[in-house]
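# Residue-level structure breakdown
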Number of protein chains: 2
Amino acid sequence: MTDLLDRLNTSLTPGEFAALLEGIYEHSPWVTEAAWPARPFATLASLKHALAQVVREAPLEAQLALIRAHPELAGKAMVARKLTAESTHEQGVAGLAHCSEEQFETLQRLNAAYNEKFGFPFILAVRGPRSAGLGRQEIIDTFTRRLHHSAAFERAECLRQIHRIAEIRLNERFGIEPVQGRQAWDCAELLAGHSDVEGVLTVTYLTEAHRACQAQLLRWMQDCGFDDARVDAVGNVVGLYRGSDPQAKRLLTGSHFDTVRNAGRYDGRLGIFVPMIAVRELHRAGRRLPFGIELVAFAEEEGQRYAATFLGSSALTGGFVPAWLDQTDVDGTTMRVAMEAAGLPGTLQAIGAERRDPAAYLGFVEVHIEQGPVLNELDLPLGIVTSINGSRRFLGEVIGTASHAGTTPMDRRHDAALAVAELALAVERAAKREPDRVGTVGIVEVPQGSINVVPGRCRFSLDLRAPHDDARDALTTEVTVELARIAERRGLRYTLHETLRAAAAPSAPDWQARWEAAVSALGLPVHRLPSGAGHDAMKLHEILPQAMLFVRGGHSGISHNPLESVTDDDAQLAVDAFRHLLEQLA
Amino acid sequence: MTDLLDRLNTSLTPGEFAALLEGIYEHSPWVTEAAWPARPFATLASLKHALAQVVREAPLEAQLALIRAHPELAGKAMVARKLTAESTHEQGVAGLAHCSEEQFETLQRLNAAYNEKFGFPFILAVRGPRSAGLGRQEIIDTFTRRLHHSAAFERAECLRQIHRIAEIRLNERFGIEPVQGRQAWDCAELLAGHSDVEGVLTVTYLTEAHRACQAQLLRWMQDCGFDDARVDAVGNVVGLYRGSDPQAKRLLTGSHFDTVRNAGRYDGRLGIFVPMIAVRELHRAGRRLPFGIELVAFAEEEGQRYAATFLGSSALTGGFVPAWLDQTDVDGTTMRVAMEAAGLPGTLQAIGAERRDPAAYLGFVEVHIEQGPVLNELDLPLGIVTSINGSRRFLGEVIGTASHAGTTPMDRRHDAALAVAELALAVERAAKREPDRVGTVGIVEVPQGSINVVPGRCRFSLDLRAPHDDARDALTTEVTVELARIAERRGLRYTLHETLRAAAAPSAPDWQARWEAAVSALGLPVHRLPSGAGHDAMKLHEILPQAMLFVRGGHSGISHNPLESVTDDDAQLAVDAFRHLLEQLA
């Protein structure tokens, strides 16, 4: 790799540079040529980033030309038109040369519909996130799904797929394999084999599948060389890799392995595998760092089986709520009984003993998929979290007067739904007023609404988040004042009940700086963003300095969904960044 | 009556005038004094109207003073403060002097809460719509309900109640009893004794209760002197009062006696009783008009048991849809079987024979409650319908991208509910742009909406109406163009399916003029308004000139609800107007 990178960095002309990268961007040497001024490239990752930037900054027509330079999937072009050797190879890996007649016809139909709708061919990196080739059905499903997108979105998605195609081609050209990234990816794939429900991924607290996950994680930690690995009193799987001085402080890290219903494979879990594989590398090299590494695979974060969100990390902070033990699941099983059935002590004493002494730890770091669209859209594999947003949630109802849709003149209505409509748009405006604030009206319902009745009631929810508690509260005030104004103006009343208030957890500056240094060292730009979602780090924030690293998710960062996706290359960069952070502490 | 009216009309000073009306407006002779310039009054109705106008046009402070001049209900004031003889009498009629201790305490609590919220006492015409006195529980229920209103609404409602109190006092002062109005009211009360469901009023097509109503209507028509009364092939009850020339053309009139579920007592039915009682008066006087009167109590208008709205009137226009016979109700009973069980032939031949020959009729008139707030708010007992609005209805869904409410920045969302929010407000704006147009988004729902998920889908409905088809279509175009714009701007797609398109039925000018003349003759202002709801007249419009008269409904004209209300005085005016219309044709 260093050899080719050296030649690129010392190339004397754009043409010479482009020649070295011929075929990376399909029939489009202008992309590589335009990256020439960005030399020297510290890493392959920075070259990839520079190429993506060239395309981002190119005029729309050039972007479209790049897309159109690509062949159709399994298209007649495969026969009639000269494909690059790369395209032929890739479509072959995906098995597209061996389509059934029906699949072939489906693909032709999809090709035609897609071209008709968007005016450019459908582009998909058929080698997929693991570079191993997507299945034919998966390709057809993706195609079908993407046909529903808007033109602007698909144009951007095709370019992202083109970058992924280029990434895989560059890896091969450079003889690079994201080995640890693939290990993380494969762990996620294997762990997803355990589920409460056949056919989809659902792992809730202390079910059979959950305990199978525990056992698997325990085994992996042992295999990776952790000195100690155990299931703790609440079911967390805790691995310890001792430092050169066994009494030295420890770095605490980890994330959760429970899932929502019909989940993706990376939410939480990637933040277990990345440190696990980093420790494996230390162990393989026979290295001890001057500090210990304690990895916790948290048993419960999602609050699915019991309303006890962040149960796993709460045990470490001393925040386990005693009343949780008496909560029942849908089958009436109390948490205490579930714990005992899982071989846990199920006593507050044992749980209390899991509380960590902050003095024994350096801090807490967590790697997590972004679960949002930002990094995906910006073509950035990694992002540095500035703060876990504070949030407030409300459930409310506007009460007006149900009346006849035909006989009630417009100026004599007290329409509850119109008030919620105004409110939802006011939430959007208020959130947009400052960066990093978000506001959502996720529930909107006119109960028993009828086509010909002016809505007398309208239920709604509010979810308001901001990186600091004062910004969160300011947003809340703006929204609630506006609600009162709307109700007054329209002659309506309303109820509004707060159902959740979570404090923001700003990253500890020195720990955030370590992630930034790690990302920089990989040759990638430092992109800072808040975390809109809650994470275990939010709990650990109560007792330790913390900072998080985000990893780009595919499909616009969709999460809590089987489409959740991370590439082997991005996982590799996460492992590299984690190892760099360890070195900074050494 | 004439005597007192004469004295009022010839009173020389406002003081003299007010003295004659002392006590009509509680401790507030200024109301009557201010009506003095409006003399002469042709009728008691016009005096009542003039008094209401004085209050409408009075400054807010004077209106509040009028309200505050009234005693609390069952208040300590009954003992401690001097009540007018009228108030003492009225509260006595309502049984408020004989409250149980619990009821008395409830009323005190309500009085306190009401005064606290609004700053004026709760006013209710405790003699009620039949002038006979409301029950104590009914008073407490009304009180409890009205506590939820806005201050502006309650101020207006108190003034309306004050006018009703004044109306009843004036009737007694003038020795006037709305005899035919009470007959109509009592018929409604009696007919409401038949219901498909215990405890609420529900009468759907050809049920046992429905057939009991038929039998009752048949008996009443016979008792009122109709020459012929029969149940026709679809279950309509048809009465004929022959003209002096039995071959003469007939006036067709009537309305429906089926109801929605949990209905009010006047919707449709008032339009049967008013002509019935008018005929009774003709019969009592031994009078024959030069034309026949054919009254049809339509068996089906609401489309509740079967999706066959306007079935009753369709039989008269030849619009009965043959496929209706094979429709099934929720129990799987076909309409044909239901007809046979009800003793009807259940054949298309028999139904076809009910088709009317337009040449045999002068036209169709229908009296109906307004089912809207306009007349109630304007203190007008009667209104003249200009057109039955044409309407179009749609069901639609906006499809965006469901995403994490925390992690999806505001500028990267495709929120389906926000598009529907914009649409609903656009519908409101578009409808308001021209008089008499209405637009409603009655169904709004984010399916499986979650507090922390950006809505990926949002279902909605559209109901658009206008007095003419071109205005209705223009409104539709405005709204659908706006929907397309919103979806384009927000990167969303949508579906939109038309579920109903009904043509407008403008009133025949000469028939509308007859109603106007009748209302004028009663000493009332002519107020024209469109009908937002559909009515049997809309069907008859296809074969005959038609025009409708609206009667004010209480409680802001609420309909399809047990609170639906009409006063004996307003029903009397409707009978008077109908009789006047008959005289115009004589």
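Residues numbered from 1 in each chain as written. Chains lettered and ligands numbered in written order. Predicted model: local features only at pLDDT ≥ 70, side-chain atom pairs only at ≥ 80, totals over all residues. Heavy atoms only, no water.

## Digging into the overall build of chain A
Along its length, chain A carries 23 helices and 16 strands. Since a compact globule built from 586 residues should have a radius of gyration of about 25 Å, the 26 Å found for chain A is in line with a globular shape. Overall, the C-alpha framework of chain A stretches about 75 × 70 × 45 Å when taken along its three principal axes. Counting the 586 residues in chain A, one finds 59% classified as buried. Sequence-distant contacts, at least 24 apart, represent 77% of the contacts inside chain A between residues at least 6 apart. (Helix = DSSP H or I, 4+ residues; strand = E, 2+ residues; numbered from the N terminus. Rg over C-alpha atoms; globule rule 2.2 N^0.38 Å. Buried < 20%, exposed > 50% of the residue type's maximum accessible area, 1.4 Å probe, protein only. Contact = heavy atoms within 4.5 Å.)

## As for the relation of the copies chain B and chain A
Its rotation angle being 180°, the transformation that places chain B on chain A also includes 0.1 Å of axial translation and leaves an RMSD of 0.1 Å. Accordingly, the operation relating the two chain copies is best matched by a two-fold axis. Interface residue correspondence from chain B to chain A reaches 100%, placing this contact among same-surface, isologous pairings. (Least-squares fit on C-alpha atoms with pLDDT ≥ 70 in both.)

## Remarks on the packing of aromatic side chains
Residue and element names in this part refer to chain A. Scanning the model with the defined rule gives 24 aromatic pairs over all chains in all. Ring geometry for Phe320 against Trp324: centres 5.2 Å apart, planes inclined by 80°, an arrangement best described as edge-to-face. Accessibility expressed as a relative area gives 10% for Phe320, which makes it buried. A residue is classified by how much of its surface remains accessible, and Trp324, at 11% relative accessible area, is buried. (Phe/Tyr/Trp six-rings, centres within 6.5 Å; stacked < 30°, edge-to-face > 60°.)

## Some remarks on the pairing of strand β16 (residues 546-551) of chain A
All names here are of chain A. Counting buried residues along β16, 6 of its 6 residues qualify, which places the element largely inside the surrounding structure. Every second residue of β16 is oriented toward a common face, with Gln546, Met548 and Phe550 on one face and Ala547, Leu549 and Val551 on the other, all of them buried. Bridge analysis of strand β5 (residues 361-369) against β16 gives 6 bridges, and the strand direction is parallel. Bridge assignment links Ile369 to a residue of β16, and that residue is Val551. (Pairing = 2+ DSSP bridges.)

## Here we look at the environment of Ile451 of chain B
With respect to the helices, strands and loops of the structure, Ile451 of chain B is situated in the loop between β10 (444-445) and β11 (453-454). According to the relative accessible area criterion, Ile451 of chain B is buried, its value standing at 14%. Separated by 271 residues in the primary sequence, Ile451 of chain B and Gln180 of chain B place their C-alpha atoms 57 Å from one another. Residues within four places of Ile451 of chain B in sequence aside, it is in contact with Arg393, Phe394, Leu395, Gly442, Ile443, Ser461, Leu462, Asp463 and Thr499 of chain A together with Ala405 of chain B.

## A short note on helix α13 (residues 270-284) of chain A
Residues and elements named next belong to chain A. Under the 1.5 Å per step criterion, the end-to-end length of α13 is 21 Å for 15 residues, consistent within 8% with the ideal 21 Å. The buried count for α13 comes to 12 of 15 residues, which makes it a mostly enclosed element. Within the span of α13, buried status applies to Leu270, Gly271, Ile272, Phe273, Val274, Pro275, Met276, Ile277, Ala278, Val279, Glu281 and Leu282. At the exit of α13 stands Gly286, carrying a positive phi of roughly 65°. (Expected span 1.5 Å × (residues − 1).)

## Observations concerning the packing of helix α11 (residues 179-191) of chain B against helix α23 (residues 568-585) of chain B
All names here are of chain B. The N-to-C vectors of α11 and α23 enclose an angle of 110°; their axes lie 7 Å apart at closest approach. The orientation of α11 relative to α23 falls into the category roughly perpendicular. Here Val179, Gln180, Gly181, Arg182, Ala184 and Trp185 of α11 lie close against α23, whose contacting residues are Asp568, Ala571, Gln572, Val575, Asp576 and Arg579. Of the residues assigned to the contact of α11 with α23, the class counts are 5 nonpolar, 3 polar and 4 charged. (Axes fitted to C-alpha atoms, helices over the stretch in contact; angles between N-to-C directions. Parallel < 35°, antiparallel > 145°, perpendicular 65-115°, else oblique. Nonpolar A, V, L, I, M, F, W, Y, C, P; charged D, E, K, R; others polar.)

These figures come from the coordinates and say nothing about function on their own.
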